[in-house]
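# Coordinate inspection notes
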Amino acid sequence: MRILQLVSQGCTMVQVARHMEMSDRTLRRKLRSICDHVDVETPIEAVVWAVRRRII
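### Quick word on unusual backbone geometry
You will see that D39, though not glycine, has its phi angle at about 60 degrees, which is positive. Within the fold, D39 resides in the loop between α3 (24-38) and α4 (43-52). What makes D39 exposed here is its relative accessible area of 69%. A positive phi is found at R54, a non-glycine position, where the angle reads about 55 degrees.

### Digging into the nonpolar core
Judged by nonpolar contacts, the single largest core of 16 residues is most densely connected at I3, L4, V16, L27 and A46. Counting residues per element, the ones that place at least two in this core are α1 (2-8), α2 (13-19), α3 and α4. Looking at which element gives the most residues to this core, the answer is α3, with five residues. Setting aside residues no more than four positions away along its own chain, V16 makes contact with I3, L6, V7, C11 and L27.

### Overview of the state of the cysteines
Formally, a disulfide is one covalent bond, and it connects the sulfur atom of one cysteine to the sulfur atom of another. Counted under the stated rule, the structure contains zero disulfides. Cysteine C11 is unpaired, with the sulfur of C35 as its nearest cysteine sulfur at 17 Å.

Basis of the calculations
Residues numbered from 1 in each chain as written. Predicted model: local features only at pLDDT ≥ 70, side-chain atom pairs only at ≥ 80, totals over all residues. Heavy atoms only, no water. Helix = DSSP H or I, 4+ residues; strand = E, 2+ residues; numbered from the N terminus. Buried < 20%, exposed > 50% of the residue type's maximum accessible area, 1.4 Å probe, protein only. Core = buried A, V, L, I, M, F, W, Y, C linked by side-chain atoms within 4.5 Å. Contact = heavy atoms within 4.5 Å. Disulfide = S-S within 2.5 Å.

Encoded structure:
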């Protein structure tokens, strides 16, 4: 959920990847996994999903 928090704060994917100490490719893979898990299409939709459920 930390990834979604950073995205919701307006961080770019490069910034999120650096903050989480992972490659851009790993970040994209993790975001895709999160999106698949919560059944949405985009990372922004995943952020909205998490905010609506008060996860972040």
